[in-house]
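# Working through the structure, step by step
Listed below are the residues making up each chain.
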Amino acid sequence: MPKSQVRKKKVYTPPTDVRPTATAATRKPSPIWLPITAVALIVVGIGWLVVYYLSEQAYPVMSWGYWNLAVGFGGMVASLILLSRWR
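First, a word on scope: everything that follows refers to the structure included in this document. Keep in mind that this is a model prediction, so the values were computed, not measured.

A separate point is the overall build of the chain. Looking only at helices and strands, the chain features 2 helices and 0 strands. With respect to the principal axes defined by its C-alpha atoms, the chain has extents near 85 × 40 × 20 Å. For the chain, buried positions account for 17% of its 87 residues. Contacts spanning at least 24 positions in sequence make up 56% of the contacts within the chain whose residues lie at least 6 apart.

Structure follows, in structure tokens:
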């Protein structure tokens, strides 16, 4: 059986308009306040919900009713948004 020929392939170089301009190494690290604020929002959100449930819906703000849940979960969602920007 005859041996097949070996082909020389050219090295692929992507076009210059497709290459990313900023690499991960050139981006600046996150400021120090970002993870501190995110952790604080998580703690405050969980604390708000714990106080709301343990006080039998009397605290932190009785007139808000179930909106206290939105405040607690909103704090935690805000922390997730901040953490998505963390490098």
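One can find Trp86 in the segment after α2 (67-83). Separated by 57 residues in the primary sequence, Trp86 and Pro29 place their C-alpha atoms 7.9 Å from one another. In contact with Trp86, other than residues within four places in its own chain, are Ser30, Leu34 and Pro35.

Here helix α1 (residues 33-54) contains 22 residues, and its C-alpha end-to-end distance of 31 Å stays within 8% of the 32 Å for a straight helix at 1.5 Å per residue. The complete set of buried residues in α1 reads Leu34, Pro35, Ala38, Gly45, Leu49 and Tyr52. Taken down its axis, α1 places every buried residue within 135 degrees of arc, on the same side. Those residues of α1 that are exposed and angled more than 90 degrees off the buried face are Ile36, Val43, Val44 and Leu54. Looking at the buried side of α1, the elements it contacts are α2. Two residues or fewer after α1 comes Glu56, characterised by a positive phi angle close to 55 degrees.

With that settled, the discussion passes to the packing of aromatic side chains. Evaluation of the coordinates by the stated rule reveals 2 aromatic pairs. Both rings, one in Trp48 and one in Trp64, keep their centres 6.1 Å apart while their planes meet at 20 degrees; by these two values the pair is stacked. Residue Trp48 is located in helix α1, and its partner Trp64 is located in the loop between α1 and α2; the two are separated by 16 residues in the primary sequence.

Glancing now at the packing of α1 against α2. It is at 8 Å that the axes of α1 and α2 come closest, and there the two elements cross at 160 degrees. Classed by the angle they form, the pair α1 and α2 counts as roughly antiparallel. In this structure, α1 crosses over α2, and the sense of that crossing is left-handed. Along its contact with α1, which presents Trp33, Leu34, Thr37, Ala38, Leu41, Ile42, Gly45, Ile46, Trp48, Leu49, Tyr52 and Tyr53, the element α2 presents Asn68, Leu69, Val71, Gly72, Phe73, Gly75, Met76, Ala78, Ser79, Leu82 and Leu83. Taken together, the residues that form the contact of α1 with α2 break down as 17 nonpolar, 6 polar and no charged.

Analysis parameters
Residues numbered from 1 in each chain as written. Predicted model: local features only at pLDDT ≥ 70, side-chain atom pairs only at ≥ 80, totals over all residues. Heavy atoms only, no water. Helix = DSSP H or I, 4+ residues; strand = E, 2+ residues; numbered from the N terminus. Buried < 20%, exposed > 50% of the residue type's maximum accessible area, 1.4 Å probe, protein only. Contact = heavy atoms within 4.5 Å. Expected span 1.5 Å × (residues − 1). Arc of directions from axis to C-beta. Phe/Tyr/Trp six-rings, centres within 6.5 Å; stacked < 30°, edge-to-face > 60°. Axes fitted to C-alpha atoms, helices over the stretch in contact; angles between N-to-C directions. Parallel < 35°, antiparallel > 145°, perpendicular 65-115°, else oblique. Left-handed = near helix turned anticlockwise from the far one by under 90°. Nonpolar A, V, L, I, M, F, W, Y, C, P; charged D, E, K, R; others polar.

In short, shape yes, function no, at least from these values alone.
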